Amino acid sequence: MDSMLQPEDGERPSAFAERMGKLYASMSTAGSKKTKGQFFTPLSISRFMGSLAKSPRVEISVLDPGCGCGILSSCLIENLALNHRFAQVHLTAYETDAKVIPYATAVFQYLKQWLLEKSITLDFSIRQDDFVLTNAECLCEEPTLFDGSCTPKYDYIISNPPYFKLSKDDPRVKASSSVVDGVANIYALFLAISAKMLSGCGQMIFITPRSFASGRYFRLFRNFFFSNVSLDFIHLFNTRRDTFAKDDVLQELLIMRGRPICDDARNRGITVSYSEGASDLDKAYTKNYLEKDIIDVSSEEKILYLPISSRDEAILNLFKSWDGNMSKFNIQVSTGPVVAFRSEEYLSHDESEETVPLYWSHNVVKMLCDHPVEKKGRCQYIRVSQGSKSSLLPNKNYILLRRFSAKDDESRLVAAPYFGNASKYRYVGVENKLNYIYRPKGHLIRSEVMGISALLNSELYDSYFRLFNGNINVSSTELRMMPFPPIKTIREIGNSITTIIPWNT
């Protein structure tokens, strides 16, 4: 074996694994890592995750569903060996990248040798199989007469799964259809399958994006996951960049520990831990919550709220005290119907008698719909014809809201009032990267348009939104379920803004 694959004297297995990961990563392109969703976990985060494993039995089993160079399972087993007494470990690892398997093998062989010095035996196997395809049957598995399951069970499951979206025709999506609704991200499939592979007292420790915490596309997953797993620990990072800095990963990530649902699982509580990034994990702020305070497991949405301060708690409690929402106010939210690449023949840079305004994201800033605003490749008008009418909206009062925020934007919610009587047109075009808020039967009055726009643009709503949304997407599903104060209060806010700010429409 190449001398670079050899451990150094006195080196801990986790440090050897990190060195192997860096060596492998130095020979991989950024494009290759992104395609595979492959981002090796830094040693500080790996050791933090490993330290979350508690109370081993004399003989334990560990599953690493996407092991890479083996740093996570090494950290977990190393931590247990240094802090607990046990005699034997059975390690099962999955890895589809044939090029990385020699590195993982070297790490696990060294881990085996290191454990022997502590009178602990290790047997390991690395399976070059797709973890999802191999185990997806457990998602719809019926209990057997004898042991309740045909699925192998593990005492510890630890993973930094790949993160990337899957097409609806992907065989992994078809195999996991019971937890997929629309667009699937592979990391959620890893989580769902692992939830079914935990032993009765098992622990699963994962680092994943926060995006599963809310939104329509993860709804089926959340219902499945929170019906099988009780979370008892969640760690949050304040910055997207520090966590996987060397790979330029900008996902908002969290670390979670979960256990199988049991009689007292709902009463255990959840510890929420928080650090600026990976460098201050040893100084993390922590607070304990009852599960019902941050996950309403009885609701259809099962949204996970993640407060990190007393201010966040106060905001969450305030919103819980409001029982209004858009549906109760007979207000609806939809996605802009104009899909530019499908409507190219109707788009125009110039205004004419046959065209109406087309609003894009760049036309919407806080409290202002600005049109026209020239931008390369963005036609500001759309021609009214038999072929385009189905994608145009009647020209009445709306609130336009950006569907996507730029990474690390100060505000996730950017909304603007649109008044139909401000223009002479019969129709208006709203592009697909905008949401629009409207009253299906009737119209939004001016005070409602101004009041809802002001609330959505406020720091209060932005802070609330960040408690459950960890990505750049503002979905119509999330907007529909957001609590609002009484409609009378909304109108009063709108009227006071109109009084203070001269509105020329």
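So, here's what we can say about the structure. What you are looking at is a predicted structure, and each value in this text was computed from that prediction instead of being measured.

Cut-offs used in this document
- Residue numbers here run from 1 along each chain, matching the order of that chain's written sequence.
- Thresholds applied to this predicted model are a pLDDT of at least 70 for local features of residues and 80 or more for the giving and counting of side-chain atom pairs; totals over whole chains, interfaces and linings are not thresholded and use all residues.
- Neither water nor hydrogens contribute to the side-chain values; these are computed over all heavy atoms in the structure.
- Helix and strand labels come from DSSP, where a helix needs a run of H or I of at least four residues and a strand needs a run of E of at least two; each type is numbered from the N terminus.
- Note on exposure labels: buried denotes an accessible area under 20% of the residue type's maximum, exposed denotes more than 50%, and partly exposed covers the range between, all computed with a 1.4 Å probe on protein chains only.
- A contact between two residues is defined here by any heavy atoms of the two lying within 4.5 Å.
- By nonpolar core we mean a set of buried residues, namely Ala, Val, Leu, Ile, Met, Phe, Trp, Tyr and Cys, connected to one another through side-chain atoms within 4.5 Å.
- At least two DSSP bridges between two strands are needed for those strands to be called paired.
- For helices, the fitted axis covers only the stretch in contact; all axes are lines through C-alpha atoms, and the angles between them, taken along N-to-C directions, range from 0 to 180 degrees.

A look at the overall build of the chain
No. 1: Helix and strand content of the chain: 15 helices and 22 strands.
No. 2: Sorting the 505 residues of the chain into buried and exposed places 56% on the buried side.
No. 3: Sequence-distant contacts, at least 24 apart, represent 77% of the contacts inside the chain between residues at least 6 apart.

Notes on the side chain of Ser463
No. 1: For Ser463, the location among the structural elements is in helix 13 (residues 459–466).
No. 2: Those residues within four positions of Ser463 in sequence are excluded, and the remaining contacts are Arg311 and Ile315.

A look at the nonpolar core
No. 1: By size, the foremost hydrophobic cluster in this structure holds 135 residues, and its most contacted members are Phe225 and Phe484.
No. 2: Apart from residues lying up to four places away in sequence, Phe484 is in contact with Trp322, Asp323, Gly324, Asn325, Met326, Phe329, Ile452, Leu455, Leu456, Tyr461 and Ile490.
No. 3: Of all hydrophobic cores here, the second largest spans 14 residues; its members include Val364, Tyr398, Leu400 and Tyr418.

Examining the sheet that holds strand 9 (residues 253–260)
No. 1: One open sheet accounts for nine strands, arranged 3-2-1-4-7-9-8-10-11; its pairing is mixed. The sheet terminates laterally at strand 3 (121–127) and strand 11 (285–289), the two strands that pair on one side only. Each adjacent strand pair in this sheet contributes to an overall mean axis angle of 15°, direction not counted.
No. 2: As paired elements, strand 8 (residues 229–237) and strand 10 (residues 270–275) share five bridges and run parallel to each other. In the strand pairing of strand 10, Leu236 is matched with Tyr274.
No. 3: Contacting strand 4 (154–159), strand 7 (198–209), strand 8 and strand 9, helix 8 (residues 186–195) crosses the sheet at an angle of about 170° to strand 7.
No. 4: With respect to the sheet, helix 9 (residues 219–228) is in contact with strand 7, strand 8 and strand 9, its orientation differing from that of strand 8 by roughly 115°.

As for the environment of Asp293
No. 1: Assignment of secondary structure puts Asp293 in helix 10 (residues 291–294).
No. 2: C-alpha separation for the pair Asp293 and Gly269, spaced 24 residues apart in sequence, amounts to 9.3 Å.
No. 3: When sequence neighbours within four positions are dropped, the list of residues in contact with Asp293 reads Leu316 and Lys320.

Remember, this is a structural readout, not a statement about activity or role.
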